[in-house]
Amino acid sequence: MNLVIIDCQNDFVHGALAAVNGEETVDAIVDFLKDHDDLKVFYSLDFHPTDHCSFKDQGGSWPAHCVADTDGAKVHEKFSQTKYPADINRSYYKGRDKDREEYSAFDAENDLGHLLRDDLEGPIYLAGIASEYCVRETALDFKKAGREVIVLKDLLGYIDQEDHERNLKDLADQGIQVQ
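Here the structure is a predicted model, which is why all the values come from computation and not from measurement.

Conventions and cut-offs
- Residues numbered from 1 in each chain as written.
- Predicted model: local features only at pLDDT ≥ 70, side-chain atom pairs only at ≥ 80, totals over all residues.
- Heavy atoms only, no water.
- Axes fitted to C-alpha atoms, helices over the stretch in contact; angles between N-to-C directions.
- Helix = DSSP H or I, 4+ residues; strand = E, 2+ residues; numbered from the N terminus.
- Parallel < 35°, antiparallel > 145°, perpendicular 65-115°, else oblique.
- Contact = heavy atoms within 4.5 Å.
- Nonpolar A, V, L, I, M, F, W, Y, C, P; charged D, E, K, R; others polar.
- Phe/Tyr/Trp six-rings, centres within 6.5 Å; stacked < 30°, edge-to-face > 60°.
- Buried < 20%, exposed > 50% of the residue type's maximum accessible area, 1.4 Å probe, protein only.
- Salt bridge = Lys/Arg side-chain N within 4 Å of Asp/Glu carboxyl O.
- Disulfide = S-S within 2.5 Å.

So, on to the packing of helix α4 (residues 131-144) against helix α5 (residues 161-173). Describing two packed helices takes the angle between their axes plus the distance from one axis to the other. In the contact formed by α4 and α5, the axes pass within 10 Å of each other and the chain directions differ by 10 degrees. With respect to their mutual orientation, α4 and α5 come out roughly parallel. Residues S131, E132, R136, A139 and L140 of α4 form the contact with α5, whose own contacting residues are D163, H164, N167, L168, D170 and L171. A per-class count over the contact of α4 with α5 returns four nonpolar, three polar and four charged.

What follows covers the packing of aromatic side chains. Applying the stated criterion to the full structure yields six aromatic pairs. An angle of 85 degrees between the planes, with centres 5.2 Å apart, marks the rings of W62 and Y133 as edge-to-face. In this pair, W62 sits in the loop between β2 (40-46) and β3 (91-94) while Y133 sits in helix α4, placing the two residues 71 residues apart along the sequence. On the basis of relative accessibility, which here comes to 28%, the residue Y133 falls in the partly exposed class.

Another point: the pattern of salt bridges. Side-chain pairs of opposite charge can arise whenever the charged atoms involved come near each other. Counted by the stated rule, this structure contains 16 salt bridges. The salt bridge involving D99 is made with K98; its shortest N-O contact spans 3.3 Å. With its nearest N and O atoms 2.0 Å apart, the salt bridge here joins R117 to D107. Residue R117 is located in helix α3 (residues 116-119), and its partner D107 is located in the loop between β3 and α3; the two are separated by 10 residues in the primary sequence. When salt bridges that share partners are traced, they join R100, E102, D107, R117 and D118 into one network.

The final tally for this structure, using the stated rule, is zero disulfides. Here C53 is not disulfide-linked; the sulfur of C134 is the nearest cysteine sulfur, at 13 Å. Here C134 is not disulfide-linked; the sulfur of C66 is the nearest cysteine sulfur, at 8.8 Å. Since its relative accessible area comes to 5%, C134 is described here as buried.

Here I6 is to be found in strand β1 (residues 2-6). Put simply, I6 and A127 are 121 residues apart on the chain and 6.1 Å apart in space, counted from C-alpha to C-alpha. Residues in contact with I6, not counting those within four places in the same chain, are S44, L126, A127, G128, I129, C134, V135 and T138.

Residue position: F106 is located in the loop between β3 and α3. Placed 62 residues apart in sequence, F106 and S44 show a C-alpha to C-alpha distance of 9.2 Å. Apart from residues no more than four positions distant in its own chain, F106 is found in contact with L116, R117, D141, F142 and A145.

Following this line, the structure appears as structure tokens:
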């Protein structure tokens, strides 16, 4: 099973742009990892320059978050306690171009030069933060590419519960499995 864990970074869990249920989401995903031995785990990570276009100081919509090489950009420490840590082979970065907003992990790249979309085979399971933004766009991009996508609804963090629920319904209406 390919599991992509989206943006479970400190800033999205308890920092500058924390999800409503960030800590609970991390705990649920970590429990899932501990219960499964047959996973291929991939992490997508926001990794922004200090002057990223999405930041309010640059005219964007969001407070500064997940700035490269800061504590806020690190994967939550609980993942290091699993057999699937966010290492060089599993970590794929997005949002590095200061002039491009990038919610989807479809084009995320690891430090070995591999693109996430090329390293995934078979069905793609998605978990992480935030349901209405990065999880949504990742699911839609993989679906457009003809891939089978399954969103694990119990393993999602969100910014707004109503938007989250609308998003899950919309994803299902677009042919993405929501389990």
